Amino acid sequence: PLPITLTTEFTNLTVIIPQPPLVSLSGWMVNSNFTTGAYNLNSSALGLSLELNPTNPASLVTIFTTSGPRLSLSDYAYVNVTATGTDNARVLLGFSLANGTSVDLVNWTDPIMLNAAPFDLTPYAGGVLRGDFYVAMMSSNGTRASVNITGITFGSVAPVISFIPETSRVELHVVGIF
């Protein structure tokens, strides 16, 4: 007996591959407890620019942020840093874990090495980032030194992929067969 209604349901899966987490470069502050030289800091969404004018051979400047991502390091294998700077700049980059441990990821390296390769996070798998990051800089020869960081991003060998199911329904009204 006509008319009849046929209903078909199907599910589409939308694949979500999120952008890798990054450390915000705006809102960084100087830690005066660990700063012993004249400095200039420019911290914005576009980058982090730090300059040191040493007042003695041991001068350094230390900056930090508490607005970094809070991530499980089991999900990420490396950190990429995009940086330029003077040849005499020596940079320390680190973060804290939720258990209170501090990790110096980059230990007094120059901007070329800072920029050259990803930094391995696998020794810290199981750890959770607390959200605070720090950068310290000194001059290797006692003259003005600078570093410009335009990215600190976390990466994984296999990206974290999620799927969003969406069910659709189509109704067909049959009123006659010819």
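Residues numbered from 1 in each chain as written. Predicted model: local features only at pLDDT ≥ 70, side-chain atom pairs only at ≥ 80, totals over all residues. Heavy atoms only, no water.

### Considerations on the sheet that holds strand E6 (residues 78–85)
With antiparallel pairing, the 5 strands of this open sheet are ordered in space as E3-E4-E11-E6-E9. In this open sheet, the two edge strands, each paired with only one partner strand, are strand E3 (38–44) and strand E9 (119–120). When E6 meets strand E11 (residues 145–155), the two strands line up antiparallel, connected through 8 bridges. Residue pairing in the sheet places Ala83 in a bridge with Ile149 of E11. (Pairing = 2+ DSSP bridges. Helix = DSSP H or I, 4+ residues; strand = E, 2+ residues; numbered from the N terminus.)

### Some points on the environment of Glu51
Along the polypeptide, Glu51 turns up in strand E4 (residues 47–53). Residues Glu51 and Ser139 lie 88 residues apart in sequence; the distance between their C-alpha atoms is 9.9 Å. For Glu51, the side chain forms a polar contact with the side chain of Arg144, separated by 3.2 Å. (Polar contact = N/O pair within 3.5 Å; in protein donor to acceptor, adjacent residues only side chain to side chain.)

### Things to note about unusual backbone geometry
Unusually for a residue other than glycine, Trp108 sits at a positive phi of about 55°. Structurally, Trp108 can be placed in strand E8 (residues 102–109). For Trp108, a relative accessible area of 31% corresponds to the partly exposed category. (Buried < 20%, exposed > 50% of the residue type's maximum accessible area, 1.4 Å probe, protein only.)

### Brief notes about the pattern of salt bridges
Counting across every chain of the model gives 3 salt bridges. Across the salt bridge formed by Arg144 and Glu51, the nearest N and O atoms sit 3.2 Å from each other. One end of the pair, Arg144, is in the loop between strand E10 (129–139) and E11; the other, Glu51, is in strand E4, with 93 residues separating them in the sequence. Its relative accessible area of 40% is what places Arg144 among the partly exposed residues. Between Arg130 and Asp132 there is a salt bridge; the shortest N-O distance is 3.0 Å. (Salt bridge = Lys/Arg side-chain N within 4 Å of Asp/Glu carboxyl O.)

### Examining the pairing of strand E5 (residues 60–65)
The two faces of a sheet get side chains in turn, since along a regular strand they alternate between them. Taken together, the 2 bridges between strand E2 (residues 29–30) and E5 define a ladder with antiparallel strand orientation. Bridging from a neighbouring strand, Val30 pairs with Ile63 of E5. Across 6 bridges, E5 lies against E10 in antiparallel orientation. Each bridged residue has a counterpart across the sheet, and for Val61 the counterpart in E10 is Met137.

### Examining the pairing of E10
In terms of burial, E10 is a largely internal element, 9 of the 11 residues being buried. When strand E7 (residues 89–97) meets E10, the two strands line up antiparallel, connected through 8 bridges. Bridge pairing links Phe95 to Phe133 in E10.

### Observations concerning the packing of aromatic side chains
Scanning all chains against the criterion turns up 4 aromatic pairs. Measuring from centroid to centroid gives 6.2 Å for Tyr76 and Phe154, while their planes differ by 70°, and the two rings are edge-to-face. Of this pair, Tyr76 sits in the loop between E5 and E6 while Phe154 sits in strand E11, and the two are 78 residues apart along the sequence. Residues Phe95 and Phe133 carry aromatic rings whose centres are separated by 5.9 Å and whose planes lie at 55° to one another, so their mutual orientation is tilted. Residue Phe95 is found in strand E7, and its partner Phe133 is found in strand E10; the two are separated by 38 residues along the sequence. For the pair shown, Phe95 and Phe133 are each scored as buried. In this structure an aromatic cluster arises from ring pairing among Tyr76, Phe95, Tyr124, Phe133 and Phe154. (Phe/Tyr/Trp six-rings, centres within 6.5 Å; stacked < 30°, edge-to-face > 60°.)

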